[in-house]
Amino acid sequence: MKFNLQLLLVLWLPLCAVAQEGKTPYTAKLKEYRYSKYLDSTKFYFKKALPWALKRRDTLAAFYTYKYMGDGYEHHQKLDSTLYMYDLCNTYLPKNNYRLKAFLLNDRAYTYQLLGDYNKATKLTLEALVYAEKSKNDIQIASINLSVADNLALLKLNKQAEEYYLRAVAASKRTDYLPAKEYTYRVYGNYLLKSNKIDGAFIYLQMASKFAKQTKDSISMAFAWSSLADCFWKRRETDSCFYYAKKAEGIWLRRAEYIDYSHVCNNQGRYYLNLKKYAQALDYFKKAELYLRNDLYLNEEVYSNLATANQKLGKYEQSIFYFSKANAVLKAIKDKERESQVAALNIKYQADKKEALVRDEKQKNKLAAMELREKTLQFDIGLVILLSLIVITIVVVLSYRRIQRNNKLLLESNLQLERLVLQKQTLLQEVHHRVKNNLSTLKSMLFLQARASKDEEVKAVLTESQHRIQSMALIHENLYQDLENDQVYFHHFTRQLFDSLVQTFQTSNTVVQIEIDDNNVTLDVSTAIFLGLILNELATNSFKYAFKDRSEGVIRVGISSTNAQFQVTYADNGVGLKSGIEDHDNGFGFRLIRILVEQMSADFSYKDENGWAIFTLDFKI
C-alpha cells in the first residue's frame, strides 16, 4: 500500500509539544510553506531560520529547521535534497529523544519508498518502530506499524503486513487523538477493501470519514472521501461514489497535491469507463496524466486507461501510443518486482536468523549464570588482597613519618647522637630492603594467581594490582640503594615506573613516547609513594584506553615546585574523558586516586585542552 502525506501529519502533530524549544521567529512561516507549491518561499524562510538557530546554539531549533526544509523538497519531489536535509537533522537530534528519532527514521523511509527502494524503506520503518516502542507513545506506535505494514505489502509479504495492520489498529484504540484514529481506520479499511471484505471496509471507512470531519483537516477529509468513493463503487452506489470522489478532487487541486490529484482523477475515469461514458473517462484520464510523477504503478494504470478510452472512441493512433507507453512502464515494474522478491527473501532470512540468535542467547545466559558466582568469588578475593595492601602501605607510611620526626628531634638535640643516627639509618635500610622484598613477593604471588586464572577480568585486576605494588617497591628500592639522604629523585623513580608499564602494556601496533620533566625535584618517601600510586593509575588508564586504534601516542609527566608548594602534571594525547572525570569516579582506579589525594591534602583536577587530557595535582610538603 502507498505511503502518503497524511502519515507524516499524523506523526508530526503529537510531536509539536516537543518542538516548543525549537521555535524561531521564522519557523512558523517555514512550517507553513513546506507543503505549499511555493518552494522558493520555503527556501527563503529556511535561510532566515537556520542562522538564527545556529547563532543561539539552539540545537532543537536547528533540527526542526532542517526537517521542515527536507519536507519542502520532498513535497516537490526533490528527493536527493530531502535525504541530505534529513542527514543534517541527525547532527542536531537530541540523544535520548526516542520520539524524534522514530519520526525522522520514518520520514526517511517514506522518501526511499518514493524512490522505489522498498527494501530500504522497510528496514528504516522497523528501526523506527523500535524507538517508537521505547517512547511508549501509542499514536506514534500506531502510525509506524502502518508504515511497516505498507512496506511489507509492497514487498508482497501480505501475511506479515496484516499482522502489523492489526497492531496499528490496537494501538490507535488506546488513544483519543483523532488524526491517528482517522488514518489508522482508513488504511485498515482500504486493506479490507482490497481483500474484497467490503462490509468490514465500509464500517472502518465510515468511521475514518467521521473522525476526519471532527478534525476539520482538509487532507484527512480528502483521503477519507477518496477511500469512501472506492468503497461505494464496489457497493454499486454510483451517486455516492462520484459525490465523494469530486469532493476529494477539489481539495487535492486547491492544495496542489498533484500525485493524489492524479489518483482521484484516474479513479473517476475508471468509474466512467466502466459505465461506458468514454468521453468523460478520457477527460479524467488526461487530468491524471498531467501530474504523473515516479509512481510506476499509477503511471502504467493511467496509460493503459488512456489507451482503452481512446480505443473505445475510435482514436486508434492515440490508443497505440498509450499502449506503448504502458508496456514500457510495465517492463520497469517487472524489473522492480524482481528486486522486491529478492528483498523479501532477505527479510525472511534475517527474521529466521534473529530467532536463532534469541535461542542461542537464552542458552548463553544459562551458562553465564553458572559462571557468574565463580567470577564474583575470584574478584572478591582479589579486591580483599588489594585493600589489604593499601592498608599495609598506609601503616608503613605513617610509621615512616613518625620515625622521621623522631630523627629530626634527635639530630637537633645533640651531636653526640650521631652514633644512634647511624644505627637508625642501618635499620631503615634493612626496613626498606625487607619492605621491598615483601612487596616483590606479593607481586610474584599475584603474578602466579593471574597466570593461573582463566578469567580475563580477574587477570586484569591482578595485573593492575601488580603495578600498584611495583610503584611502591620502586620507592623502597631507591631508598635502599641511596641512604645518604631520605629523598627520592622524581625523574629516576618515574622513569623506572614507566619503563615497567611500557614493558607490560605497549604493543607493536601502538608506540607510546614517554616525556618526563622534573626540574631536579626530590620528594620524601611518603609523598613519593602516594604520587607513585597516582601516576601508576593514570598511566595504566592511558595505556589501556587512551590510544586504542592509534599507531602512536605521547605521555608527558612534569613536576615543579615553589618553596614548599608542588605541582605535578600528567597529560596524554589520547581520546580523553569525553564526559568529564565525575562520570568515572565509580571506577576503582579513580576511587583509589581520590583516597590518596585526600591523604596528601592535595587538590586534583582535570581538563581537556587542544587534544590533550591533562591531570593536575597540587600539594604542599
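For the structure, check the block above.
The present account deals with the structure reproduced in this document. All figures in this text were calculated on a predicted structure; none of them were measured in a lab.

**Here's the deal with the nonpolar core**
- Grouped together as the largest cluster of nonpolar side chains are 83 residues, with contacts concentrated most on Ile 144, Tyr 165, Tyr 188, Trp 252 and Tyr 271.
- In terms of nonpolar packing, the next biggest core, distinct from the first, is built from 50 residues, Phe 498, Val 525, Ile 559 and Phe 566 among them.

**A look at the pairing of strand E4 (residues 552-562)**
- Bridge count between strand E2 (residues 511-517) and E4: seven bridges; the pairing is parallel. In the sheet register, Val 512 faces E4, and the bridge partner there is Gly 553.
- Here E4 runs beside strand E5 (residues 565-572); their pairing, made up of eight bridges, is antiparallel. In the sheet register, Ser 561 faces E5, and the bridge partner there is Phe 566.

**Some points on helix H16 (residues 296-312)**
- When the terminal C-alpha atoms of H16 are compared, their 24 Å separation across 17 residues agrees well with the 24 Å that a helix rising 1.5 Å per residue should span.
- Where H16 is concerned, the buried positions are Leu 298, Asn 299, Glu 300, Val 302, Tyr 303, Ser 304, Asn 305, Leu 306, Ala 307, Ala 309 and Asn 310.
- Once H16 finishes, Gly 314 follows within two positions and takes phi at roughly 80°, a positive value.

**Section: helix H21 (residues 525-546)**
- Over its 22 residues, H21 extends 30 Å from the first C-alpha to the last, a length consistent with the 32 Å expected when each residue adds 1.5 Å.
- Taken across its 22 residues, H21 has 19 buried, putting it largely inside the fold.

**Quick word on the packing of aromatic side chains**
- Under the criterion given, the structure shown has 29 aromatic pairs.
- Aromatic pair Phe 202 and Phe 232: ring centres 5.5 Å apart, planes at 75°, arrangement edge-to-face. One end of the pair, Phe 202, is in helix H11 (residues 198-215); the other, Phe 232, is in helix H12 (residues 218-234), and 30 residues separate them in sequence. With respect to burial, Phe 202 and Phe 232 carry one shared label: buried.

**Digging into the sheet that holds strand E6 (residues 603-609)**
- What the five strands build is an open sheet, ordered E2-E4-E5-E7-E6; its pairing is mixed. Each end of this open sheet is capped by a strand with a single partner; those strands are E2 and E6. Sheet twist, expressed as the average angle between the axes of neighbouring strands with direction ignored, equals 15°.
- Pairing of E5 with strand E7 (residues 612-620), which is carried by eight bridges, proceeds in the antiparallel orientation. Note that in E7 the partner of Tyr 570 across the bridge is Phe 615.
- Strands E2, E4, E5, E6 and E7 of the sheet are contacted by H21, whose axis makes an angle of about 15° with E5.

**Topic: the pattern of salt bridges**
- Applying the stated criterion across every chain yields a total of 15 salt bridges.
- One salt bridge in this structure joins Lys 67 and Asp 107, with 2.5 Å as the shortest N-O distance. Placement of Lys 67 in helix H4 (residues 59-75) and of Asp 107 in helix H6 (residues 98-114) is noted, with a sequence separation of 40 residues between them. The two residues Lys 67 and Asp 107 agree in class, both being buried.
- For Glu 609, the salt bridge identified is with Lys 607, shortest N-O distance 3.5 Å.
- For Glu 609, a relative accessible area of 37% puts it in the partly exposed group.
- Connected via shared salt-bridge partners are Arg 34, Lys 67, Asp 71 and Asp 107.

**Side note on the environment of Ala 168**
- By the secondary structure assignment, Ala 168 is in helix H9 (residues 158-173).
- C-alpha separation for the pair Ala 168 and Lys 181, spaced 13 residues apart in sequence, amounts to 9.6 Å.
- The residues contacting Ala 168, other than those within four sequence positions of it, are Ala 142, Asn 145, Leu 146 and Thr 184.

**Remarks on a nonpolar patch on the surface**
- The grouping of Leu 377, Ile 381 and Ile 385 at the surface amounts to a nonpolar patch, some 270 Å² of accessible area in total.
- Counting through the fold element by element, Leu 377 comes out in helix H17 (residues 316-413).

**Comments concerning empty space enclosed by the protein**
- Inspection of every chain in the model, using the stated rule, returns two cavities of 30 Å³ or more.
- Broken down by secondary-structure element, the contributors of at least two residues to the lining of the second largest cavity are H21, E5 and E7.
- For the lining of the second largest cavity, the leading source of residues is H21, giving four residues.
- Across the lining of the second largest cavity, the residue classes break down as nine nonpolar, two polar and no charged.

Conventions used here
- Residues numbered from 1 in each chain as written.
- Predicted model: local features only at pLDDT ≥ 70, side-chain atom pairs only at ≥ 80, totals over all residues.
- Heavy atoms only, no water.
- Core = buried A, V, L, I, M, F, W, Y, C linked by side-chain atoms within 4.5 Å.
- Buried < 20%, exposed > 50% of the residue type's maximum accessible area, 1.4 Å probe, protein only.
- Pairing = 2+ DSSP bridges.
- Helix = DSSP H or I, 4+ residues; strand = E, 2+ residues; numbered from the N terminus.
- Expected span 1.5 Å × (residues − 1).
- Phe/Tyr/Trp six-rings, centres within 6.5 Å; stacked < 30°, edge-to-face > 60°.
- Axes fitted to C-alpha atoms, helices over the stretch in contact; angles between N-to-C directions.
- Contact = heavy atoms within 4.5 Å.
- Salt bridge = Lys/Arg side-chain N within 4 Å of Asp/Glu carboxyl O.
- Patch = residues over 30% accessible without salt bridge, like charges linked within 9 Å, V, L, I, M, F, W, Y side chains within 5 Å.
- Areas by Shrake-Rupley, 256 points an atom, 1.4 Å probe, with all protein chains shown as cover.
- 1 Å grid on protein atoms, 1.4 Å probe; cavity = no way out; pocket = protein on both sides within 12 Å on 5 of 7 lines; lining within 4 Å.
- Points joined across faces, edges and corners; volume = space filled by probe spheres on them.
- Nonpolar A, V, L, I, M, F, W, Y, C, P; charged D, E, K, R; others polar.

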